[in-house]
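For reference, the chains in residue letters:
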Amino acid sequence: MLSIIYALLLASTAIFSWGFVDANMPIRTLPFLYNLVVGQRPLATAMYVVLQVLLFIWYTLLLFLVHRKRIRTNHLIVLIAIAVGILFFSFPGFSYDLFNYIATAKVAYFYRENPWVVMPIEIPNEPMLRFLHASNKVALYGPSWILLTAIPHLLSMKNLLLAVFTFKALVFAFYAGLLWLIWKISKSAFSLAFFALNPLVTAETLVSGHNDVVMMFLALWAFLLLEKNRIIWSLVILTASVLIKGATIALIPLYVWVTVKKLRDEKIAWDTVWFWAAISMYAIFLLSPLREELYAWYLIWPLTFVALIKDWSILHTIALGFSLGLPLRLAPFLYFRNWGGVTPLVKRLVTFIPPAFAILGYAIDKKK
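*Asks:* How should I be thinking about the nonpolar core in this particular structure?
*Replies:* Nonpolar side chains in soluble globular proteins tend to end up buried together. Counting residues in hydrophobic clusters, the biggest one holds 129 residues, and the most contacted among them are Leu62, Leu76, Phe99, Trp145 and Phe305. A total of 14 residues in this core trace back to one element, the largest contributor, which is helix H8 (residues 160-186). Residues in contact with phenylalanine 305, not counting those within four places in the same chain, are Met216, Leu220, Leu251, Trp274, Ala277, Ala278 and Met281.

*Asks:* What should I look at first to understand the pattern of salt bridges in this one?
*Replies:* Any two side chains of opposite charge can pair, so long as their charged atoms come close to each other. Enumeration according to the criterion identifies 7 salt bridges in this entry. Close ionic contact of lysine 261 with glutamate 266 constitutes a salt bridge, the shortest N to O distance being 3.0 Å.

*Asks:* Hey, could you run me through the packing of aromatic side chains in this one?
*Replies:* How two aromatic rings sit relative to each other is given by the distance of their centres and the angle of their planes. Taken as a whole and assessed by the stated rule, the structure comprises 38 aromatic pairs. Centre to centre, the rings of tryptophan 274 and phenylalanine 305 are 6.1 Å apart; their planes meet at 20°, and the pair counts as stacked. Of this pair, tryptophan 274 sits in helix H14 (residues 270-287) while phenylalanine 305 sits in helix H15 (residues 300-306), and the two are 31 residues apart along the sequence. Note on tryptophan 274: relative accessible area 5%, which makes it buried. Linked through ring pairs, Trp18, Phe91, Tyr96, Phe99 and Phe131 together constitute an aromatic cluster. Sitting over the ring of phenylalanine 110, lysine 106 keeps its end group 5.8 Å from the ring centre.

*Asks:* Could you clarify how one ought to interpret unusual backbone geometry in this entry?
*Replies:* Most of the time, phi is negative for any residue but glycine, and the peptide bond is trans. Notably, asparagine 125 is not glycine yet its phi reads approximately 60°, a positive angle. Looking at where asparagine 125 falls in the secondary structure, it is placed in the loop between helix H5 (97-109) and helix H6 (143-148). Residue methionine 157 is not a glycine yet carries a positive backbone phi of 55°. In this fold, methionine 157 is placed in the loop between helix H7 (150-156) and H8. Since its relative accessible area comes to 63%, methionine 157 is described here as exposed.

*Asks:* Explain the side chain of serine 156 here, please?
*Replies:* One can find serine 156 in helix H7. Given a relative accessible area of 4%, serine 156 falls into the buried group.

*Asks:* Looking at this structure, how should I read the side chain of threonine 317?
*Replies:* With respect to the element layout, threonine 317 can be found in helix H16 (residues 314-325). Beyond its immediate chain neighbours, meaning those up to four positions away, threonine 317 contacts Trp312, Ala358, Ile359 and Tyr362.

Conventions we followed
- Residues numbered from 1 in each chain as written.
- Predicted model: local features only at pLDDT ≥ 70, side-chain atom pairs only at ≥ 80, totals over all residues.
- Heavy atoms only, no water.
- Core = buried A, V, L, I, M, F, W, Y, C linked by side-chain atoms within 4.5 Å.
- Buried < 20%, exposed > 50% of the residue type's maximum accessible area, 1.4 Å probe, protein only.
- Helix = DSSP H or I, 4+ residues; strand = E, 2+ residues; numbered from the N terminus.
- Contact = heavy atoms within 4.5 Å.
- Salt bridge = Lys/Arg side-chain N within 4 Å of Asp/Glu carboxyl O.
- Phe/Tyr/Trp six-rings, centres within 6.5 Å; stacked < 30°, edge-to-face > 60°.
- Lys NZ or Arg CZ within 6 Å of the ring centre and 35° of its normal.

Here's what the structure looks like:
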């Protein structure tokens, strides 16, 4: 029953996502889906919010059942396979970043221009300019990511729809790799469920195709290599992680501390390492509005390490609160169809009220 409910919720999400196809794209969608999202804004907003809330309720029920050992690892693998199988065919409509990845790769590998110097808008007669949301920006990502995008760019054979799925396939591969690392390190079904089936993670990774799981896979791999005393390779991999989008630079002080203890052959409490890694990534996550804003997919940064902490902590509670609130930031835009007016206020409220209540509940429970 749990699997059937999950499959239905994911299928509804995947179908709903195809209502976000831009009218200027060569990709086509069913007219009623487009009319729902664009023309019936109150209904579309209500549907989106209900889907997010139901997925979150399902997720918390799942965590409870895993904690009570009512669901085993092989069952989790089935649920993950359901999520991957259904959401691969969703449209990355909740965020258009995937199309920026495609455009940047096109600048680098098709037009043979420097993507950190040349903006897509500077390419004459580029057809993607009709629907790109960041055509007036140079590449926002580092060389590690640009190198990786050569693979899906070449496989897409200049077809936009094929590019969507080849880029998603690249992200899916790193999502699977990150889950494998979480399992390898923790050997915990709860840790695997906490990250893999978090509705924010599945939406931002499996629907929208954000590259944050790539950065976090490399960061976690670097620590695993460090644990195995492969320090040089570990440093290379951590550098590659930083050169995806820079956020994992916050891990460097902790990484240096662990490396020094390794060189001194001192015992390392890895649960403490994951705790401080989570703190480091929470810090840069909360500081991200200084650069632009608090995007939902940035929560993947601390979530990766929170999942590895053995005992339930305040960090888990905060993660749950943000996991409910951050996806709802899209709701005011769906309703008002602009990012101005009351939209920024509503976004802040839905972002911080759920974690505030979660922290309050945690404090009351501790006091009892």
